[in-house]
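# Reading the structure
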Amino acid sequence: MTLARQRATQRRRPSELLIPTPAGLFCPPADIHIDPVRPVARALITHGHSDHARSGHGAVLATRETLAIMALRYGEGFTGERQVAEPGATTRIGEVDFRFVPAGHVLGSAQIVVESRDLRIVVSGDYKRERDPTCAGFEPVTCDVFITEATFGLPVFRHPPAHAEVAKLLESVRLFPERAHLVGAYSLGKAQRVMALIREAGYERPIFVHGAVEKLTDFYIAQGVPLGDIRKVAPAERKSLGGEIVICPPSAIQDLWARRFPDPVAAFASGWMRVRARARQKGVELPLIISDHADWDDLQATIREVGAGEIWITHGEAEALAHWCGTVGLAAKPLHLVGYGDEGEGEPEAAAAEASP
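Residues numbered from 1 in each chain as written. Predicted model: local features only at pLDDT ≥ 70, side-chain atom pairs only at ≥ 80, totals over all residues. Heavy atoms only, no water.

### Section: the packing of aromatic side chains
Using the criterion set out here, one finds seven aromatic pairs in the structure. Centre to centre, the rings of Tyr127 and Phe138 are 5.0 Å apart; their planes meet at 35 degrees, and the pair counts as tilted. With Tyr127 in the loop between strand S10 (119-123) and strand S11 (145-150) and Phe138 in the loop between S10 and S11, the pair connects residues that are eleven residues apart, well separated along the chain. Side by side, Tyr127 and Phe138 carry an identical accessibility label, which is buried. Judged by centre distance (6.2 Å) and plane angle (65 degrees), the rings of Tyr127 and Phe146 are edge-to-face. Here Tyr127, found in the loop between S10 and S11, pairs with Phe146, found in strand S11; they are 19 residues apart in sequence, far enough to count as distant. Every member of this aromatic cluster is reached through a ring pair, and the members are Tyr127, Phe138 and Phe146. Across the ring face of Phe176, the terminal group of Arg179 is positioned such that the distance to the ring centre comes to 5.5 Å. A cation over a ring is seen here: Arg278 above Trp272, with NZ or CZ 4.3 Å from the ring centre. (Phe/Tyr/Trp six-rings, centres within 6.5 Å; stacked < 30°, edge-to-face > 60°. Helix = DSSP H or I, 4+ residues; strand = E, 2+ residues; numbered from the N terminus. Buried < 20%, exposed > 50% of the residue type's maximum accessible area, 1.4 Å probe, protein only. Lys NZ or Arg CZ within 6 Å of the ring centre and 35° of its normal.)

### Brief notes about the domain arrangement of the chain
Partitioning the chain into domains gives domain 1 (3-156 + 293-354) and domain 2 (162-288). The centre of domain 1, based on its C-alpha atoms, is set 29 Å off from the matching centre of domain 2. In total, domain 1 and domain 2 occlude about 2,500 Å² of area from one another, counting both sides; carbon and sulfur atoms represent 61% of this. Here domain 1 is connected to domain 2 by three salt bridges. In this structure, the salt-bridge partner of Arg193 is Asp132, at a minimum N-O distance of 3.9 Å. For the interface between domain 1 and domain 2, the tally reads six residue pairs in polar contact (both at pLDDT 80 or more). At the level of secondary structure, the elements contributing two or more residues to the side of domain 1 that touches domain 2 comprise helix H3 (64-74) and helix H10 (348-353). Here the element with the most residues in the side of domain 1 that touches domain 2 is H3; it accounts for five residues. Looking at the side of domain 1 that touches domain 2 residue by residue, the classes come out as ten nonpolar, five polar and twelve charged. (Domains from an automatic or database assignment. Buried area = accessible area lost by both parts, 1.4 Å probe. Salt bridge = Lys/Arg side-chain N within 4 Å of Asp/Glu carboxyl O. Polar contact = N/O pair within 3.5 Å; in protein donor to acceptor, adjacent residues only side chain to side chain. Nonpolar A, V, L, I, M, F, W, Y, C, P; charged D, E, K, R; others polar.)

### Observations concerning the environment of Val284
With respect to the helices and strands, Val284 occurs in the loop between helix H7 (276-281) and strand S17 (286-288). Separated by 16 residues in sequence, Val284 and Phe268 place their C-alpha atoms 6.5 Å apart. If we skip the residues at most four places from it in the chain, Val284 touches Ile253, Ala266, Ala267, Phe268, Met273 and Ala279. (Contact = heavy atoms within 4.5 Å.)

### A look at the sheet that holds strand S7 (residues 90-93)
The mixed open sheet is built from seven strands, whose spatial order is S7-S8-S9-S10-S11-S18-S19. In this open sheet, the two strands that pair with only one neighbour each are S7 and strand S19 (331-334). Across this sheet, the average inter-strand angle for adjacent strands is 20 degrees, counted without regard to direction. The pairing of S11 with strand S18 (residues 310-316) spans five bridges and is classified as parallel. Bridge pairing in S18 places Val145 opposite Glu310. (Pairing = 2+ DSSP bridges. Axes fitted to C-alpha atoms, helices over the stretch in contact; angles between N-to-C directions.)

Put into structure tokens, the structure is as follows:
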């Protein structure tokens, strides 16, 4: 047998290395899941959002920041054992090598590179390509199979530059100095990114935050992310915050909590604000199209850049993205994984906000 033929015989098929299961992606040779939606014996976690990072696993391997975020949200006992995935380092489990590479989604977020017998699969987790001052940027990795999300996998979703959306917010603050501006933003990642972008735009006044955003914001600051003067809103001072910017969970802008501010402007920072009907439905006066997910153009660009011959799509607009892949000669299939929500929906702090005074 020739060497080339021997290598072809030894090379794994993708379906031998990763398979979709009701619990999520599973790697049989390593006996480990990636972002499982239910408690499992061993898990690799891409990032700290609650639809990807759940408590109750026997052991978790994730970046240092993701492990710390899970401990903040679920308590120190969120898993039986934990292991830090150092950036760029390879961890061998059984016959499989795993490597965590920045995904650009939120602080600590990572793609997971899975390699065995000359086959490389990259699991993107959630990711974006636009610059974010609060986390490491996405690093493309060439691979044989690219497993991607498709939250905004439709041509209608083309995100404008985030700094331009923040400029709209600051212009509104200038035009309406008597009104409080309440910015709904998911408590992990989006809230801190909006704060950082506001600072980069030259805004030096204090930024006020809802109590549900405070803990994770303090964590970002402790990790060296400069956010300036951040102050928790005291119940008694809400009526005096005209002209100020207040960051809160999205659910809070429609809650009784919001009505105690002076003539509040309801803003919402989300990729979903591209859909005007969705903004109206949520009572949003100032939609800010700021997303922590890749848009239609960046999904396409990333797929081209990694050079994979096969594309698997975990969740979101999977059928549309798979169709586009077919038009450019790429084999693609939706995995129809369940349990992964919309951008930030289901976050525990967002739910808690409704009960806040």
